[in-house]
Every structure is written in structure tokens, then in C-alpha cells.
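Tertiary structure, described
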Amino acid sequence: MADRDGKKDDFAAQANAERDNLVSEFVAFLKENKKWWLAPILIAILGLGLLVLLGGTAAAPFIYTLF
């Protein structure tokens, strides 16, 4: 299929291409858009989420002793 410029439409080829995982796509986004200030914020949010998740498990007494 060709578009107005006569070039081949590579939409189908891109749709069938292997997809990147979420982490590599996020790192590519940070590189391309120069948004490196987002990385520490997201790492802190993920760390807090991990603490909340582990707070409801058998690991809770070990986490509470850290604080």
C-alpha cells in the first residue's frame, strides 16, 4: 500500500515488529525527551509501593525494624 508521496506504508511492518518491554521503552523516552529528572521520582514511588506491598506480608516485622 502506498501513501500520497509514493512511499511504502510500513504501518503493518511496525505492527508486526517485536515490542520493547516497559523499562526499555521508558529509558528510551527519557533519553529522547531529556526528562532524566523523572527517574528519581519514579524510583522513589516504586520503592514506597514496594514497602507498602511488603508491609502486609510476613516480611513486615523486618521492615518495621528498619524505621
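Being a predicted model, the structure only gives us computed values, none of them experimental.

1. Structural notes on the overall build of the protein
On a plain count of helices and strands, the protein comes out with four helices and zero strands. For the protein, the proportion of its 67 residues judged to be buried stands at 6%. A total accessible area of about 6,400 Å² is found for the protein, and carbon and sulfur atoms account for 66% of it.

2. Comments concerning unusual backbone geometry
Residue Lys34 is not a glycine yet carries a positive backbone phi of 55°. Inspection of the secondary structure assignment puts Lys34 in the loop between helix H2 (22–33) and helix H3 (38–55). Owing to a relative accessible area of 62%, Lys34 belongs among the exposed residues under this scheme.

3. Brief notes about a nonpolar patch on the surface
A contiguous nonpolar surface patch, about 400 Å² in accessible area, is contributed by Trp37, Ile41, Leu42 and Ile45. Secondary-structure assignment places Trp37 in the loop between H2 and H3.

4. Let's talk about the confidence of the model for the protein
With 87% of its residues at a pLDDT of 70 or more, the protein shows a mean pLDDT of 79. Mean pLDDT in the protein bottoms out at helix H4 (residues 60–64), which sits at 75, and peaks at H3, which reaches 88.

5. Considerations on H2
Helix length check: H2 (12 residues) gives 16 Å between terminal C-alpha atoms against 16 Å at 1.5 Å per residue, within 8%. The first or second residue beyond H2 is Lys34, which carries a positive phi of 55°.

Each value, and the rule that gives it
- Residues numbered from 1 in each chain as written.
- Predicted model: local features only at pLDDT ≥ 70, side-chain atom pairs only at ≥ 80, totals over all residues.
- Heavy atoms only, no water.
- Helix = DSSP H or I, 4+ residues; strand = E, 2+ residues; numbered from the N terminus.
- Buried < 20%, exposed > 50% of the residue type's maximum accessible area, 1.4 Å probe, protein only.
- Areas by Shrake-Rupley, 256 points an atom, 1.4 Å probe, with all protein chains shown as cover.
- Patch = residues over 30% accessible without salt bridge, like charges linked within 9 Å, V, L, I, M, F, W, Y side chains within 5 Å.
- Salt bridge = Lys/Arg side-chain N within 4 Å of Asp/Glu carboxyl O.
- pLDDT = per-residue confidence, 0-100.
- Expected span 1.5 Å × (residues − 1).

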